[in-house]
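# Chain and residue survey
Okay, here's what each chain looks like letter by letter:
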Amino acid sequence: MTLLMRDQENVEKGREQGEELMLALIQKLVADKRFTEIERMKDDKDYRLILYKEYHII
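The paragraphs below set out a description of the structure included in this document.

Conventions we followed
Residues numbered from 1 in each chain as written. Predicted model: local features only at pLDDT ≥ 70, side-chain atom pairs only at ≥ 80, totals over all residues. Heavy atoms only, no water. Salt bridge = Lys/Arg side-chain N within 4 Å of Asp/Glu carboxyl O. Helix = DSSP H or I, 4+ residues; strand = E, 2+ residues; numbered from the N terminus. Buried < 20%, exposed > 50% of the residue type's maximum accessible area, 1.4 Å probe, protein only.

### Here's the deal with the pattern of salt bridges
Between side chains of opposite charge, pairing is possible as soon as their charged atoms come close. Using the criterion set out here, one finds five salt bridges in the structure. Between Glu-39 and Lys-42 there is a salt bridge; the shortest N-O distance is 3.5 Å. Placement of the pair is Glu-39 and Lys-42 together in helix 2 (residues 35-43), with a separation of three residues, close to one helical turn. Classification of Lys-42 as partly exposed rests on a relative accessible area of 43%. Residue Asp-43 is joined to Lys-42 by a salt bridge in which the shortest nitrogen-to-oxygen separation is 3.1 Å. Owing to a relative accessible area of 59%, Asp-43 belongs among the exposed residues under this scheme. Through salt bridges with shared partners, a single ionic network connects Arg-34, Glu-37 and Glu-54.

Quick look at the structure:
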């Protein structure tokens, strides 16, 4: 497998992992009825990291 193909696979895996983290966070926020937090965290990476830690996702 060429280096370029491996790099592409790594990018895709990283994207999938990021989507899984974001989905887990959104599910927890919805369950807690923290809807305004979803709007904020989608645009604010630092705040998203705070929420990931708060919910023990990372």
